[in-house]
Amino acid sequence: MIDAWPGIVLFCMPSRQEWGATACGVAAREAERQAAAASIKLIAVSAAEAGLSVGPNSAAPSFVWPQALRLFLQFHPVGEGSKRWRLSTKAYELTPPAPEQAGQAPKWHYVYDHFSVLDEGKEIRATEEAAPPLLELFFATMTKPRS
């Protein structure tokens, strides 16, 4: 399935906790490592740079930016008032309008969504443990041959 997109734009939304940025860095580095091992073009950017522009000023993507799959890593509470956190991997693509909807803007559609619950109070270590299998599942799913 991954061949449907020219590359992956990766961005992470950290929690507002003090560990958030560090945990995002851990997860993003793991995604970059796995993409490189699978020979998949991936560029990591900030959430603000992940939109439809031609790409960030800080990097020169080697693929058509608007058509790239977006891989969104997010840390968010398990529930209202919970002290436990999830690390979610969500992927979405920009889908052009159907012929009968000519003139309308393309829309973002999710193509993948999975998460892992992190151990309370051990969020960075839990991210180090959860990110590899969570991202392995993403890459295994997206690189599986279509039937």
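Conventions we followed
- Residues numbered from 1 in each chain as written.
- Predicted model: local features only at pLDDT ≥ 70, side-chain atom pairs only at ≥ 80, totals over all residues.
- Heavy atoms only, no water.
- Salt bridge = Lys/Arg side-chain N within 4 Å of Asp/Glu carboxyl O.
- Helix = DSSP H or I, 4+ residues; strand = E, 2+ residues; numbered from the N terminus.
- Buried < 20%, exposed > 50% of the residue type's maximum accessible area, 1.4 Å probe, protein only.
- Expected span 1.5 Å × (residues − 1).
- Bend = angle between axes of the 7 residues up to and from the residue.
- Contact = heavy atoms within 4.5 Å.

Observations concerning the pattern of salt bridges
Stage number 1. Counted under the stated rule, the structure contains one salt bridge.
Stage number 2. We note a salt bridge from Arg33 to Glu30, for which the minimum N-O separation is 2.6 Å. Highlighted residues: Arg33 and Glu30, both in helix H1 (residues 20-37), separated by three residues, approximately one helical turn.
Stage number 3. Taking relative accessible area as the criterion, Arg33 reaches 46% and is therefore assigned partly exposed.
Stage number 4. The class for Glu30 is buried, based on a relative accessible area of 12%.

A word on helix H2 (residues 123-143)
Stage number 1. With 21 residues, H2 ought to run about 30 Å at 1.5 Å a step, and its terminal C-alpha atoms sit 29 Å apart, in line with that.
Stage number 2. Ala130 marks the point of greatest bend in H2, at about 35°, and the proline Pro132 comes within the next four residues.
Stage number 3. Here H2 has its buried residues at Glu123, Ala126, Thr127, Ala130, Ala131, Pro132, Leu134, Leu135, Phe138, Phe139 and Met142.
Stage number 4. Close packing links the buried residues of H2 with strand S1 (8-13), H1, strand S2 (42-44), strand S3 (69-77), strand S4 (85-95) and strand S5 (107-118).

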